[in-house]
Amino acid sequence: MLTTRPRGINDILPGDVEGWQALEAHIRHLFSLYHYEEIRTPIFEHTELFLRSVGETSDIVEKEMYSFEDKGLRHITLRPEGTAGVVRAYIENKLFAGPAPQKLYYIGPMFRYDQPQAGRYRQFHQFGCEVLGSDAPVVDAEVITFAVDLFSRLGLQDLKVSLNTVGCPDCRPAYEKALVDYFAGHEEDLCDTCKDRLHRNPLRILDCKEEGCKALAAQAPTTLDYACDHCKDHFAAVRGYLDEVGIAYELDSTLVRGLDYYTQTAFEVIMTQKSGAQNAICGGGRYNKLVYNCGGQDTPGVGFAAGMERLLLILESQGLAIGQRRTPAVYLAPMDAEASKMAFALAKALRAKDIAVEMDSMGKSLKAQMKNADRLQVAYTVLIGENERLGGFATVRQMATGEQTEIDLDKLVTYLEKGIKHVATKKNT
Ligand SMILES: [Zn+2]
Ligand SMILES: [Zn+2]
C-alpha cells in the first residue's frame, strides 16, 4: 500500500508532463487572446454548493462525489467540476460589482469516484470558462468560437458543433410537460433507469444511451417547438454570429441538460476520429439561473468545460502530440574534486546568463560523462581535467561537429553564450 497509489489516480511523469505544460500554455494563450482572466478556486468547497449547482439528481452528486466531514464537522466535497466554485467566488468576492461581463477561466484537477478506464481517472483535469453578467447572444457565440479555435489550433480536424436551445423558465414547463406526455405514451419501451427519470427528470431521457430510449428520443418533441419568442430570437442571433465567422454547427434536439438553471444555448464540440467514432471533446451552454440558485443576484452566465486527459490522448492518437522534453544547452564534465568546484561556479555563471546547464555529480569517468552528454543532446560539453585546471582553460566540445577548442576560463561564459545563440538561431531558421 505504501508504494501504491489509490485506485483510479495517476502520476504525470517527466516525459508526459511536457505535453501537459504545452497544453496549459496553449490554453492560457488562447484565453488571453479572447481576454479571459484566470481564476483559481480551492480544491474543496462546502458540499451544499455542489448539491445546488451540479444538481441533487445528477450522477455526480448521487454517486461520484468525494465527500467527507472535516475536523470541524463541516460537510466538505472535493470539487467534481469547475463551474460551482467560480460562481461561488463570483458571488462571495462581489465580482458582479466589477466590469460586466466577467470573463473567467480555470485549469485544474477535479475529483469523481468514477469507474477508472483509459483516459478517465478519479483525479482528472479540466479547463473551462465562465462568462458572468451578460445575456447577449454574442457571448454564447464567443464561447463556442473560442472552443473551436482552441481545438483547431491544436491541429484537430473534423470538428463539428452540436447546438440546441433548452428554453427558459417561461417556456420550459410546457416543453417538459409535452415530453412527459410523449414518453408516458411509450413507457414500456423505456429502460428501467428512464422509467424512473420519467417522473424525476424527464429531460435526461433524451441523453440515455440505450438503443430503445435513443429511438424514442429521436421522435420526441423538441425544445425549439416550445421555445418562447425570446428564446427563439436568442438562438437565431447566436447562430447568426456563428455563421458570420464560418463556424459549422448541427442542430441536435437531444442535446439538453436536465437542470432548471440551464437556459437557452447548449452545445458540444464533437470530433470524428479516424475510426469513425464520435467524441464530444467539450460541452457547455448558458445557465442564467445558476448564480441565483447558488445564492447570488439573478445573473446570466455561459461557459464550457473540457477534459484534458482525453484531449491529450486524442492528440496523441492523431499524431498531434505536443510538448518536448527540455534538454540543457551545456554539460559540464569535471574530472576531479577540485574541477568539480570550478564547474559548480561556472554553472552558476552560465545560469545567470539564462543558459541551461547540467553538471556531473556522480564522479563518473570521462567516457561515462560523454555518454551522458550525448544522451542529454546538449550543444556543448565542457571538460575540466587536471591539465585544464592547472592551465586555466577548459576544453569545449561542440557536440554537433565533435570539434574541440581550448578556451581560457575567463572567456568561457562569453564564448558559450555566443555559441548557444548561434545554435538557437540556426535551429529557428
Ligand atoms: Zn423561453
Ligand atoms: Zn433509458
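From a predicted model like this one, the values you see are computed outputs, not experimental measurements.

### Describing the side chain of Glu 388
Okay, so step 1: As for its placement among the helices and strands, Glu 388 is situated in helix H15 (residues 386-391).
Okay, so step 2: Within the structure, Glu 388 has its side chain in polar contact with the side chain of Thr 395 (distance 2.6 Å).

### Overview of the nonpolar core
Okay, so step 1: Grouped together as the largest cluster of nonpolar side chains are 44 residues, with contacts concentrated most on Leu 132, Leu 179, Phe 183, Leu 190, Cys 194 and Leu 206.
Okay, so step 2: Excluding residues that lie within four positions of it along the chain, Leu 206 makes contacts with Tyr 175, Leu 179, Phe 183, Ala 217, Ala 220, Ser 253, Thr 254 and Val 256.
Okay, so step 3: Residues Phe 127, Cys 129, Phe 146 and Phe 267 belong to the second largest nonpolar core, which totals 43 residues.

### A closer look at the side chain of Thr 222
Okay, so step 1: When you line up the elements, Thr 222 lands in the loop between helix H8 (211-219) and helix H9 (223-226).
Okay, so step 2: Ignoring sequence-local partners within four residues, the contact set of Thr 222 consists of Tyr 175 and Ser 253.

### Comments concerning the coordination of the zinc ion (ligand 2)
Okay, so step 1: Around the zinc ion (ligand 2), the donor atoms from the protein are Cys 191 (SG), Cys 194 (SG), Cys 208 (SG) and Cys 213 (SG), and they sit 2.2 to 2.3 Å away.
Okay, so step 2: In this structure, the zinc ion (ligand 2) is coordinated by 4 donor atoms arranged in tetrahedral fashion, with angles at the metal of 107 to 115 degrees.
Okay, so step 3: Donor residues binding the zinc ion (ligand 2) come from one chain and are separated in sequence as C-x2-C-x13-C-x4-C.

### Description of helix H7 (residues 192-200)
Okay, so step 1: Those residues of H7 lying buried are Cys 194, Arg 197 and Leu 198. When H7 is viewed along its axis, its buried side chains cluster within an angular range of 115 degrees and face the same direction. Across H7 from its buried face, at more than 90 degrees, point the exposed residues Asp 192 and His 199.
Okay, so step 2: Next to the buried residues of H7 lie helix H6 (172-184) and H8.

### Structural notes on the pairing of strand S11 (residues 301-307)
Okay, so step 1: Burial runs high along S11: 5 of the 7 residues are buried.
Okay, so step 2: Where strand S6 (residues 123-132) lies against S11, 7 bridges are found, and the strand directions are antiparallel. For Phe 127, the partnering residue across the bridge sits in S11 and is Ala 306.
Okay, so step 3: In terms of strand pairing, strand S10 (residues 278-286) meets S11 through 4 bridges, oriented antiparallel. The residue of S11 that forms the bridge with Gly 284 is Phe 304.

### Quick word on the coordination of the zinc ion (ligand 1)
Okay, so step 1: The coordination sphere of the zinc ion (ligand 1), as far as protein atoms go, consists of Cys 168 (SG), Cys 171 (SG), Cys 228 (SG) and Cys 231 (SG), spread over 2.3 Å.
Okay, so step 2: Around the zinc ion (ligand 1) sit 4 donor atoms; with metal-centred angles ranging over 102 to 114 degrees, the donor geometry is tetrahedral.
Okay, so step 3: Considered as a linear motif, the donors of the zinc ion (ligand 1) on their single chain read C-x2-C-x56-C-x2-C. Taken together, the residues Cys 168 in the loop between strand S7 (159-165) and H6 and Cys 231 in helix H10 (residues 229-244) connect sequence positions 63 residues apart.
Okay, so step 4: The class of Cys 231 is buried, set by a relative accessible area of 0%.

### What about the environment of Ile 322?
Okay, so step 1: In this structure, Ile 322 sits in the loop between helix H12 (308-317) and strand S12 (330-334).
Okay, so step 2: Through-space distance from the C-alpha of Ile 322 to that of Trp 20 is 8.3 Å; in sequence the pair is 302 residues apart.
Okay, so step 3: When neighbours within four sequence positions are excluded, Ile 322 is seen to be in contact with Glu 18, Gly 19, Ala 22, Leu 23, Leu 154 and Leu 315.

### Overview of the domain arrangement of the protein chain
Reports often express the size of an interface as the amount of accessible area lost when the parts come together.
Okay, so step 1: Domain annotation of the protein chain identifies domain 1 (17-165 + 248-317) and domain 2 (330-419).
Okay, so step 2: Inter-centroid distance (C-alpha atoms) of domain 1 to domain 2 is 49 Å.

### Quick look at the sheet that holds strand S9 (residues 265-272)
Okay, so step 1: If you trace the 8 strands from one edge of the open sheet to the other, you get S1-S5-S6-S11-S10-S9-S7-S8, paired in mixed fashion. Looking along the sheet, the strands with just one partner apiece sit at the ends: strand S1 (37-38) and strand S8 (249-251).
Okay, so step 2: Summarising the sheet, S1 and strand S5 (residues 102-111) pair through 2 bridges and their orientation is parallel. Its bridge partner lying in S5, Glu 38 is registered against Tyr 105.
Okay, so step 3: Packed on one face of the sheet, H12 meets S5, S6, S9, S10 and S11 and runs near 105 degrees to S6.

Cut-off values and rules
- The numbering scheme is per chain: residues are counted from 1 as the chain's sequence reads.
- For naming, the first written chain is A and the first written ligand is 1, with later ones following in the order written.
- pLDDT decides what is reported in this predicted model: residues at 70 or higher carry local features, side-chain atom pairs at 80 or more are listed and counted, and totals for whole chains, interfaces and linings draw on all residues regardless.
- To obtain the side-chain values, all non-hydrogen atoms of the structure were included, while hydrogens and water were left out.
- Helix and strand definitions here come from DSSP, where helices need a minimum of 4 consecutive H or I residues and strands a minimum of 2 consecutive E residues; each element is numbered from the N-terminal end.
- Residues adjacent in sequence count toward polar contacts only when both atoms are side-chain atoms; beyond that, a polar contact is any pair of N or O atoms within 3.5 Å, and within protein one must be able to donate a hydrogen and the other to accept it.
- Side-chain atoms within 4.5 Å are what join buried Ala, Val, Leu, Ile, Met, Phe, Trp, Tyr and Cys residues into a set we call a nonpolar core.
- Here the term buried applies to any residue with accessible area under 20% of the maximum for its type, exposed to any over 50%, and partly exposed to those in between, with areas from a 1.4 Å probe on protein chains only.
- Working rule for contacts: check all heavy atoms of both residues, and any pair within 4.5 Å makes them a contact.
- Counted as donors are N, O and S atoms no farther than 2.8 Å from the metal, or 3.2 Å for Na, K and Ca; water is not among the atoms, and sites may therefore look incomplete.
- Geometry is assigned from the angles between donors: four donors with all angles from 85 to 135 degrees make a tetrahedral site, four or six donors whose opposite pairs exceed 155 degrees while the rest stay between 65 and 115 make square planar or octahedral sites respectively, and everything else is labelled irregular.
- Here the arc refers to the directions that run from the helix axis out to each C-beta atom.
- Two strands pair if DSSP finds at least two bridges between them.
- Domain limits in this description derive from either an automatic procedure or a database domain assignment.
- Every axis corresponds to a line fitted to the C-alpha atoms, with the helix fit spanning only the stretch in contact, and the corresponding angles, defined between N-to-C directions, vary from 0 to 180 degrees.

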